[in-house]
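Structure assessment
Okay, here's what each chain looks like letter by letter:
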Amino acid sequence: MGGAPANTQTEEKAFEFPHGLFGFPTARRFLITDVPGGGDLIKQMVALDVPDLAFTLVDPFAFFHGYAPDLPEAELAELGVTQPEQVVVMAIANVPASIEEATANLKAPIVFNPHTRKARQVILSDDRYTTRHRLFQKRK
Amino acid sequence: MLVLTRRLNESILIGDGIEVKIVQVRGTGDQAVVRLGISAPREVTVFRKEVYDEVVAANRAAARSQVTVPPGLLPAVRVSDRGSAEGEAAEAPSAPEAERSE
């Protein structure tokens, strides 16, 4: 399947990215959908404005237990966040054919505010995090 | 591109609220290093360009025409979900080790 069907229901459920994603400035609306068996840990994010564009999202806190993104207040305010607990943070995963090579981008997580349906990708200043953290450790 | 010459401790202003000041200059030629002080409103995001470029590249690399989760991924996640230290799921360190690109 390509892009999600653009009916009213999906549009209501969509998250608005006022700035798009980095590298995809025209992708302003995404639908978050379940991945079979993925539960809350793995989701997919399908673009409504750009055909055939989708991303795999992972719950960064489940995969990386000490993950502590320091989200800039101004960027949270832009999402209409009044309390930090309002947001849901997900990381974009790069899942190549070889699963063991899968990585998550902890440097630029995506912050969702389910209350306002707004979201944005945030680049953290924390140098501990990069765009490529392995989801699974290398087999020796 | 607008090119301006500035001396140490001189600034440029961009728009209404952004000031970029030359804080330190050391070295010459290819070894020259300039430290900039940036004052900007909180809603203005400031990054090193290479960090921005890296995020753009990471997004492009992660983009798919459709998401298919490979069969081996989910069982591994379930292991990690149970909090088991065994199995394939990575035990994430508190400051995860980065996979550096070449």
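Residues numbered from 1 in each chain as written. Chains lettered and ligands numbered in written order. Predicted model: local features only at pLDDT ≥ 70, side-chain atom pairs only at ≥ 80, totals over all residues. Heavy atoms only, no water.

**Some remarks on the overall build of chain A**
Secondary structure assignment for chain A yields three helices and nine strands. Counting from the amino terminus, chain A carries its helices and strands in the arrangement α-β-β-β-β-α-α-β-β-β-β-β. Classification of the 140 residues of chain A by burial places 54% in the buried group. When contacts within chain A are restricted to residue pairs at least 6 apart in sequence, long-range pairs at least 24 apart make up 53% of them. For chain A, the accessible area works out to roughly 6,500 Å², and carbon and sulfur atoms hold 52% of it. (Helix = DSSP H or I, 4+ residues; strand = E, 2+ residues; numbered from the N terminus. Buried < 20%, exposed > 50% of the residue type's maximum accessible area, 1.4 Å probe, protein only. Contact = heavy atoms within 4.5 Å. Areas by Shrake-Rupley, 256 points an atom, 1.4 Å probe, with all protein chains shown as cover.)

**Comments concerning the confidence of the model for chain B**
Interpretation of this model should avoid reading the predicted coordinates in detail wherever pLDDT is low. Residues and elements named next belong to chain B. Residue-level pLDDT values for chain B average 78, and 65% of them are 70 or greater. Counting contacts from residues 81–102, a segment whose pLDDT is below 50, to residues more than four positions away or on other chains yields 39 contacts. For this predicted complex, the interface confidence comes out at an ipTM of 0.88, alongside a pTM of 0.76. (pLDDT = per-residue confidence, 0-100.)

**As for the side chain of A:Asn105**
For A:Asn105, the position within the fold is in the loop between strand S6 (103–104) and strand S7 (110–113). Within polar-contact distance, the side chain of A:Asn105 engages the backbone nitrogen of A:Ala108 at 2.9 Å. In this view, A:Asn105 contacts A:Ala91, A:Ile92, A:Gln121, A:Thr130, A:Thr131, B:Ala58 and B:Asn59; residues no more than four positions away in its chain are not counted. (Polar contact = N/O pair within 3.5 Å; in protein donor to acceptor, adjacent residues only side chain to side chain.)

**A short note on the sheet that holds strand S2 (residues 18–26) of chain B**
All names here are of chain B. Overall, antiparallel pairing links the three strands, which are arranged S1-S2-S3 in an open sheet. The sheet is open, and its two edges are formed by strand S1 (11–14) and strand S3 (33–39), each paired on a single side. Neighbour-to-neighbour, the strand axes of the sheet open up by a mean angle of 25°, direction not taken into account. Sheet analysis places S2 next to S3, joined by seven bridges and oriented antiparallel. Opposite Val-20, over in S3, you have Ile-38 as the bridge partner. (Pairing = 2+ DSSP bridges. Axes fitted to C-alpha atoms, helices over the stretch in contact; angles between N-to-C directions.)

**A few points about the packing of aromatic side chains**
With the rule as written, the count across this model stands at 11 aromatic pairs over all chains. Centroid distance A:Phe22 to B:Tyr52: 5.5 Å. Interplanar angle 85°. Geometry classified as edge-to-face. Separated into two different chains, A:Phe22 in the loop between strand S1 (15–16) and strand S2 (29–34) and B:Tyr52 in helix H1 (residues 49–62) make up a pair that spans both. When its relative accessible area of 34% is taken as the criterion, B:Tyr52 is described as partly exposed. Clustering of aromatic rings is evident, with ring pairs tying together A:Phe15, A:Phe17, A:Phe24, A:Phe30, A:Phe55 and A:Phe112. (Phe/Tyr/Trp six-rings, centres within 6.5 Å; stacked < 30°, edge-to-face > 60°.)

**What to know about the environment of A:Val87**
Residue and element names in this part refer to chain A. Take Val-87: it is sitting in the loop between helix H3 (73–78) and strand S5 (88–94). Residue classification places Val-87 among the buried residues on the basis of a relative accessible area of 15%. Between the C-alpha atom of Val-87 and that of Phe-112, which follows or precedes it by 25 residues, the distance is 5.4 Å. Beyond its immediate sequence surroundings of up to four residues, Val-87 is in contact with Leu-71, Leu-76, Val-81, Val-111 and Phe-112.

**Some thoughts on the pairing of strand S4 (residues 54–58) of chain A**
All names here are of chain A. Counted residue by residue, S4 has five buried out of five residues, so it is predominantly covered. As paired strands, strand S3 (residues 42–47) and S4 are joined by five bridges and run antiparallel to one another. Residue Lys-43 lies in a different strand from S4, and its bridge partner there is Leu-57. Where S4 meets S5, three bridges bridge the pair, whose relative direction is antiparallel.

**Here we look at the nonpolar core**
Residues and elements named next belong to chain A. Counting residues in each nonpolar core, the largest one holds 26 residues, and the members touching the most others are Val-58 and Leu-135. For this core, the elements supplying multiple residues, two or more each, are helix H2 (60–63) and S5. For this core, the element with the highest residue contribution is S5, accounting for three residues. Beyond its immediate sequence surroundings of up to four residues, Val-58 is in contact with Leu-41, Ile-42, Phe-63, Met-90, Ala-91, Ala-93, Ala-104 and Leu-135. Counting residues in each nonpolar core, the second largest holds 17 residues, with Leu-21, Ala-27, Met-90 and Ile-92 among its members. (Core = buried A, V, L, I, M, F, W, Y, C linked by side-chain atoms within 4.5 Å.)

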